[in-house]
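Chain by chain, the residues:
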Amino acid sequence: MEQLNNILVFTCAAFATGIWQAGLYSWNISILTALAIVLLMAAIGRVRINCHQALWPLIGLFFIAGMIYYTQDRIVYPDDISHYIGQTAIVEGCVDMVPEVIETEPQHWQVRYVVGVEKVRPENWQSYVQASGKVWISAQYKEQGFKPAAYGDRIAVHGKIRELHGYNNPGQIDSTAVFKRQSITARLSVPGQTIKIIALNSSYSWHVMLANWQQGIVNALQKVMPVNDAAILTAVLFGGYQGINKNVLDNFATTGLIHILSVSGAHIALVAGLIRWLGNWLRLGSLTTAILAALVIILYAVMSGLTPPVIRSAVMGLISLIAVVIGRENYAPAALSVTGLGMLVHQPLLLYDISFQLSFGATAGLVFLYQRTLDRMPQVPAWLLGPLAVTLSAQLGVLPLIAWYFNNLPLVSVVANILVLPIIELVIILGLAGVVIYTVLPGMGNIIFVISSLLIGSVMIITALLAAVPYSSVYIPSVGLAGSACYYLLLAWVYGWRPFHICGPGQLIEQYPQRCALTAILVAGMMVICVWYPRPLAVHFIDVGQGDATLVVTPHGKAVLVDTGGSFGSSGFDIGERVVAPYLKHYGVTAVDYLILTHGHQDHAGGAAGVAGDIRINNVMVAREAYSPAVQALLHTKPAITIIPAYTGQSFWLDGVLFSIDHSVGDAEANRHAISGNEVSSVIRISYGQHSFLITGDLEAPGEATLLTHGVLPCTVLKVGHHGSKTSSTVPFLEAISPKFAVISVGYGNRFGHPHQETLKRLMAIETLIYRTDKMGAIVFRSDGKDIAVDTYIK
């Protein structure tokens, strides 16, 4: 049994490693196929001699197989819609998923379609050509009573086909990969009236029936309970966070309970456990009970929409049931490996999916660590031991992932699980019962929904109280791939993995106490040195789309943030909270000494309040202009922030780095010359040793002329003004500052046409190396004061 577990675990790990390796480098499929054949022959030959000797060729075979699957999965067919990116065209196809309707603001709606493409006609072409793939369409509607296309309808849409593009920063969830896992390879953003329904779907669709049924349940919930309670119960039963108050989501995340707001393995296990209890109570027999539990799991998965996370959880639950029926509960590692391997064979890109990573890691933690955690804590009371072991095992299994994606560790999660999980489990049971009963007896179902609402209210109160506890959640640094590998090896060693007869930690301490103590002191000393030893100055130009955000980290870890980016329109997506703050945490920044806003425009200051809500900001330096809505939102954040108006000639030293204001428009000057908007932009110079960085905000030609009048020094790196607009970066200005590098912070495919070709030609004329966030993602310069190096997220 143990040998089978080991074989399946190692082959699954090898397959996943092969996918990861193929994602780093391109490989010739013919060479990979030849290697696979050689390894297969070697494995067969070893099996004939000794089965035990076939393990390593088998591992190599699965490693190559992972590379092959990933390489094949990335092949784009000649007629794929992505080949028409950049062209304006009419695209025809069928709506492939139930459209998602979101009210972005009063009387304004956004409808998101996924369309399976059948044919396309680029502009100025006389006829259609066959096409394949899927396209994501965002349609804006402003008229009341609009009727969007439904699942299965055949539609035609006219617009510019655009490339999938997200925020390309380390630690950021790759939204482009999320689309590609659904075979979506292009996108369109159009007014709703440009979508024409060619043919209505006349065939039966269980997708539509399920969506209508779910919406009916949601409407019933909203009639008998507060909207937020209804949204939470909907999330618990069907998944998704839509409609849940942001503060409630933050409280659940802080207490480590965010996972209960989506259908997961825990929900499936609860349903299966309930059916097994009922089966034992009714004396149905183990086989009958298992069959009934399997049917209920499948029904629950269908009710939840058969999303990939739900399918994974359901498959794992069904495999676990089979193991119980045949009396092979100890095959859990094998079951987990088979499930993971099957998912990756079906969709290799799942390896990069955060949901897959977290669910698989947490389940692996429970499978491999739970029982040993129980055994190591015999002195803990029985009522506390189970929840404590579950929480610790799951958290240990995903700790590097939590550090990489979130940088927060919820210390109160054990208490939260003990207090809240039993209530949530009851809510799930009552909610499912209420859904079933409501379908037959609406009145009785409403009573159950009201009881569920009362329980949800108590859950929100408990989570709010726990989240308010000091240090309920603490920062943990990202450790990267090498650090994660060391962590899991150390964890395996501590929990009993002893290859080559290595001594365990207890044995080492007992046999070599002095050496162990000395080693611990040396490791602690090295860690202190690594933390306090000065590092090169790092200047990060963060990819915030069509906006600016520059992070400066000094040699001893002090941080200055210049601008924060910001979203346009009413998407509800907070750049500061969702992009900038996670970026800062990813690089170990937990406090900002100075936030300098060049001016108050939304694309420069719109994310400031979101950053301040998540990271302490000590001082804010702002241009002397009327406060924009973005700056006003920042001023209303808690705790209060010290505001410093910007003046020309201002400067301050921070950890050996000089920050100075080369240009700032005053109140009187702005009023006298009617200067506003971009021309109010402050110009910031960052100097360290032989190098300097000049950040010009949205400064245009008149402001650059003023700088030239007063005299401006050369710089090493120029953050190009106004995202590369042709009204900035004039020839005299560029000749005066003669930058070696130029960074253009700009959104991919923006409607303004930034950066302008004229600006690019001016920069190339003075032989400046150009870096762009829309093409390269985050751009980081590092300097020790003498040498300077640059690194980009997209190579």
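Provided above is the structure to which this section pertains.
Anyway, here's the lowdown on the structure attached to this text.

The rules behind the values
- Residues numbered from 1 in each chain as written.
- Predicted model: local features only at pLDDT ≥ 70, side-chain atom pairs only at ≥ 80, totals over all residues.
- Heavy atoms only, no water.
- Pairing = 2+ DSSP bridges.
- Helix = DSSP H or I, 4+ residues; strand = E, 2+ residues; numbered from the N terminus.
- Right-handed = clockwise from strand over helix to strand, strands pointing away.
- Axes fitted to C-alpha atoms, helices over the stretch in contact; angles between N-to-C directions.
- Contact = heavy atoms within 4.5 Å.
- Parallel < 35°, antiparallel > 145°, perpendicular 65-115°, else oblique.
- Left-handed = near helix turned anticlockwise from the far one by under 90°.
- Nonpolar A, V, L, I, M, F, W, Y, C, P; charged D, E, K, R; others polar.
- Core = buried A, V, L, I, M, F, W, Y, C linked by side-chain atoms within 4.5 Å.
- Buried < 20%, exposed > 50% of the residue type's maximum accessible area, 1.4 Å probe, protein only.
- Patch = residues over 30% accessible without salt bridge, like charges linked within 9 Å, V, L, I, M, F, W, Y side chains within 5 Å.
- Areas by Shrake-Rupley, 256 points an atom, 1.4 Å probe, with all protein chains shown as cover.
- Salt bridge = Lys/Arg side-chain N within 4 Å of Asp/Glu carboxyl O.

## A look at the pairing of strand β16 (residues 642-645)
Examined bridge by bridge, strand β15 (residues 616-622) and β16 share four bridges and lie parallel to one another. Each bridged residue has a counterpart across the sheet, and for N619 the counterpart in β16 is T642. Chirality of the crossover, the property in question, places the unit of β15, helix α22 (residues 629-635) and β16 among those that are right-handed.

## Quick notes on the sheet that holds strand β17 (residues 651-654)
Within a sheet, neighbouring strands are paired by backbone hydrogen bonds and run either parallel or antiparallel to one another. In spatial order, the strands read β17-β18-β19-β20-β21-β22-β23; together these seven strands make up an open sheet with mixed pairing. Each edge of the sheet is formed by a strand with only one pairing partner; in this case those strands are β17 and β23 (769-772). Along the sheet, successive strands turn relative to each other by an average axial angle of 20°, direction set aside. Pairing of β17 with strand β18 (residues 657-663), which is carried by four bridges, proceeds in the antiparallel orientation. Across the sheet, the residue bridging to S651 is S660, located in β18. Helix α26 (residues 757-765) rests against β22 (741-744) and β23 of the sheet, and its axis sits at about 140° to β23.

## Some points on the packing of helix α12 (residues 354-375) against helix α13 (residues 382-405)
Taken N-terminus to C-terminus, the directions of α12 and α13 make an angle of 140°; their axes are 7 Å apart at the nearest point. Here α12 lies oblique to α13, going by the angle between them. With respect to the hand of their crossing, α12 and α13 are arranged in right-handed fashion. Together, I354, Q357, L358, G361, A362, G365, L366, L369, Y370, T373 and L374 of α12 and L385, G386, A389, V390, L392, S393, A394, L396, G397, V398, L401 and Y405 of α13 make up the contact between the two elements. Across the contact of α12 with α13, the residue classes break down as 16 nonpolar, seven polar and no charged.

## A few points about the nonpolar core
Grouped together as the largest cluster of nonpolar side chains are 47 residues, with contacts concentrated most on L221, I232, L233, I244, F252, L261 and L432. When contributions to this core are tallied by element, the ones reaching two or more residues are α5 (206-224), α6 (227-238), α7 (246-254), α8 (265-282), α9 (286-303), α10 (308-325), α14 (413-440) and α15 (442-467). Once you skip the residues sitting within four places of it in the chain, L432 turns out to touch L237, V271, Y300 and M303. Of all hydrophobic cores here, the second largest spans 32 residues; its members include A581, L595, V620 and V622.

## Topic: a nonpolar patch on the surface
A cluster of nonpolar side chains, namely Y204, W206, M209, I298, V302, L306, I311 and V315, defines an oily patch on the protein surface of about 690 Å² accessible area. Elements that contribute at least two residues to the nonpolar patch include exactly α5, α9 and α10. Note on placement: I298 falls in helix α9. Residue classification places I298 among the partly exposed positions, given a relative accessible area of 44%.

## Section: the packing of α5 against α14
At their nearest, the axes of α5 and α14 sit 11 Å apart, and the two run at 100° to each other. The angle between α5 and α14 places the two elements in the roughly perpendicular class. When α5 is examined against α14, the residues W213, I217 and A220 are found in contact with a partner set consisting of V435, Y438 and T439. Class assignment for the residues of the contact of α5 with α14 results in five nonpolar, one polar and no charged.

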